[in-house]
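Now for the letters of each chain:
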Amino acid sequence: MKYRDYQVDIIEKGTQILKDKSLLYLAMEVRTGKTITALGICEKMDIKDVLFITKKKAIESIESDYKEMGYKFNLDVINYESLHKIEPGLYYDVIICDEAHSMGAFPKPSKRAKQVKDLLMRYQCNLILLSGTPSPESFSQMYHQVYGHPKNPYRGYKNFYRWADDYVIVKQKHINGFRINDYSSGVEGKILESMSPYTINYSQQEAGFTSSIEENVLIVPMHSSTYRLCNRLQKNLVLQGNNDAVLADTGVKLMSKLHQMYSGTVILESGNIWKLDHTKANFIDMKFEKNKIAIFYKFKAELDILKDVFGDRLTTDLQEFGKDHKKNIALQIVSGREGISLRDADYIVYFNIDFSATSYWQSRDRMTTKNRESNKVFWVFSKNGIEEKIYRRVIEKKNYTLKHFKQDLLTLF
């Protein structure tokens, strides 16, 4: 492994920004090599100790890159959910936050954003943020990504609300009869300008990627019993069995339960899983029998259905998937959408779809490499179900919400 020419240039520029500002945002699109570029900057600065925070599934790949490149600094790689395990006596010169947009919740900071801030206060160290989509849903997501660093461009603001006075067009929306402030309309130009001295942007096109993504929607008729159950739940808001029930007594519950059921599973009130329809899994197995595929699923019970059908031809381990040409892989959308490569797959196949536009745009790009000319993605939707309605929203970079569901409800089976 060695640096590409553009990575060498970014390492030079990034090193200077980090020396000057102590804060650097590498906004490099997926597959352009954010990880080794960030590690290359640490090497060039003669850093001694680095903490790399990422998703659990990406840890092994990052540690492999570190060993292969032969870096001299010490590297600890940890996932966001394990930050509380960091020993108090440790010290780091640089913290690298992978998929930094995941810290962008607003108006209140998320737990992980507060934990990273605590670490930065403890170490008073450099910070490198990595993301291919720094503001995937709103430019207001920028504030809590950087607020923990003492030299961030918004350090003069006490909190998000005071920052929003200058950087957000605050609107009002009605929820359950109450008027609340909507802070999602961050002022794009002003926020990008304020972050510009700290940011290096780099696209796949600039890196020489020429691959395209072809999307195919496959419609599958589910068992007639599935439609009858969905119809009953929609009308009665409950499915009562002898010892258990499916309860949908709020709009959010109804949206979630129908989302589950149209793909063949549902969580009962007891917490048990009802696997009511294997149609989608059987269809995927037959349709892609001769291909090596990566399957994204939404709900954990869907993995059980896939295992029922695929048996030992299915794995959830990336290394096993890469080594065994007979293995397909199944990944939950949220955990698999970032920080991993599915370049060994012939196709990506979606068993279900997430409500998040971020999940849509990031997960579909997992097969992209510089030398791959085209990628095929297949969406498997139930006929007359909810998935296609969600799809129409997320391709417009909009999350699917309860408001959309209520509008669509009358057109469901």
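Just above sits the structure.
Owing to the predicted nature of the structure, the values given are computational and were not obtained by experimental measurement.

Caption draft 1: Seen up close, helix H2 (residues 34-44). For H2, the tally of buried residues reaches nine of 11 residues, placing the bulk of the element in the interior. Asp-46 lies just past H2 and shows a positive phi near 55°.

Caption draft 2: Geometry of the packing of aromatic side chains. This model, assessed by the stated rule, comprises 29 aromatic pairs. Look at Tyr-154 and Tyr-167: their rings are 5.2 Å apart centre to centre, the planes differ by 65°, and that puts the pair in the edge-to-face class. One end of the pair, Tyr-154, is in the loop between helix H5 (143-146) and helix H6 (160-167); the other, Tyr-167, is in helix H6, and 13 residues separate them in sequence. Each member of the pair, Tyr-154 as well as Tyr-167, is classed as buried.

Caption draft 3: Seen up close, the nonpolar core. Counting 41 residues, the largest nonpolar core has Leu-233, Leu-258, Met-261, Leu-342, Trp-379 and Phe-405 as its most contacted members. Those elements that place two or more of their residues in this core are helix H9 (224-236), helix H10 (251-261), strand S14 (293-297), strand S16 (328-332), strand S17 (347-350), helix H15 (357-363), strand S18 (374-382) and helix H16 (387-394). Sequence-distant contacts of Met-261, that is, excluding residues within four places in its chain, are made with Thr-226, Leu-229, Cys-230, Leu-233, Leu-239, Val-266 and Leu-276. Among the nonpolar cores identified, the runner-up in size contains 36 residues, and Leu-23, Ala-27, Tyr-92 and Tyr-147 belong to it.

Caption draft 4: Main features of the layout of surface pockets. Of the pockets and cavities examined, the second largest pocket occupies roughly 1400 Å³. Residue assignment for the lining of the second largest pocket shows that the elements contributing at least two residues are strand S6 (171-175), strand S7 (178-182), helix H14 (333-336) and helix H17 (402-408). Among the residues forming the lining of the second largest pocket, the class breakdown is 10 nonpolar, 16 polar and 14 charged.

Caption draft 5: Just the sheet that holds S17, in detail. Taken in spatial order, the six strands of this open sheet run S9-S18-S17-S14-S16-S15, and their pairing is parallel. At either margin of the open sheet sits one strand with a lone partner, and together these are strand S9 (212-220) and strand S15 (314-315). Set on the sheet, helix H11 (residues 279-287) makes contact with S9, S14, S17 and S18; between it and S18 the angle comes to about 150°.

Cut-offs and rules
Residues numbered from 1 in each chain as written. Predicted model: local features only at pLDDT ≥ 70, side-chain atom pairs only at ≥ 80, totals over all residues. Heavy atoms only, no water. Buried < 20%, exposed > 50% of the residue type's maximum accessible area, 1.4 Å probe, protein only. Helix = DSSP H or I, 4+ residues; strand = E, 2+ residues; numbered from the N terminus. Phe/Tyr/Trp six-rings, centres within 6.5 Å; stacked < 30°, edge-to-face > 60°. Core = buried A, V, L, I, M, F, W, Y, C linked by side-chain atoms within 4.5 Å. Contact = heavy atoms within 4.5 Å. 1 Å grid on protein atoms, 1.4 Å probe; cavity = no way out; pocket = protein on both sides within 12 Å on 5 of 7 lines; lining within 4 Å. Points joined across faces, edges and corners; volume = space filled by probe spheres on them. Nonpolar A, V, L, I, M, F, W, Y, C, P; charged D, E, K, R; others polar. Pairing = 2+ DSSP bridges. Axes fitted to C-alpha atoms, helices over the stretch in contact; angles between N-to-C directions.

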